[in-house]
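Spelled out, the chains give:
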Amino acid sequence: SGFTVLDIVVIILYFAVLFCISFYIYRTRSASSANFFLADRDSVWWAVGFSLFSSNIGTEHLVGLAGSGAATGIAVGVYEWTAAFEL
């Protein structure tokens, strides 16, 4: 159960495309750290919202929330859902 030639080709192609995209962005964007962290202040609100939501939700979060809900009741789930409305 090893890698086939197709697997290796797909991995190499993936990294080649990733390198090309990274090099293009490196050449066309400014090199300031403020532009890197703030995305040139050109992001739309829904993209920022989805980014915040997806960085908060993960497998460990969902499993932990289910375990807490099973141990203590529905109050934990309601508490977590209020965070979604607050964001």
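Heads up: the structure comes first, above all this text.
Residues numbered from 1 in each chain as written. Predicted model: local features only at pLDDT ≥ 70, side-chain atom pairs only at ≥ 80, totals over all residues. Heavy atoms only, no water.

What follows is about the overall build of the protein. In terms of regular secondary structure, the protein is built from five helices and zero strands. Counting from the amino terminus, helix and strand elements in the protein follow one another as α-α-α-α-α. C-alpha extents for the protein along the principal axes are approximately 50 × 45 × 20 Å. Looking at the 87 residues of the protein, the share that counts as buried comes to 2%. Total accessible area computed for the protein in this model is approximately 8,000 Å², and 71% of it derives from carbon and sulfur atoms. (Helix = DSSP H or I, 4+ residues; strand = E, 2+ residues; numbered from the N terminus. Buried < 20%, exposed > 50% of the residue type's maximum accessible area, 1.4 Å probe, protein only. Areas by Shrake-Rupley, 256 points an atom, 1.4 Å probe, with all protein chains shown as cover.)

A word on a nonpolar patch on the surface. Together, Phe3, Ile8, Ile11, Ile12, Tyr14, Phe15 and Leu18 line one region of the surface with nonpolar side chains, adding up to about 750 Å² of accessible area. Note that tyrosine 14 resides in helix α1 (residues 5-28). (Patch = residues over 30% accessible without salt bridge, like charges linked within 9 Å, V, L, I, M, F, W, Y side chains within 5 Å. Salt bridge = Lys/Arg side-chain N within 4 Å of Asp/Glu carboxyl O.)

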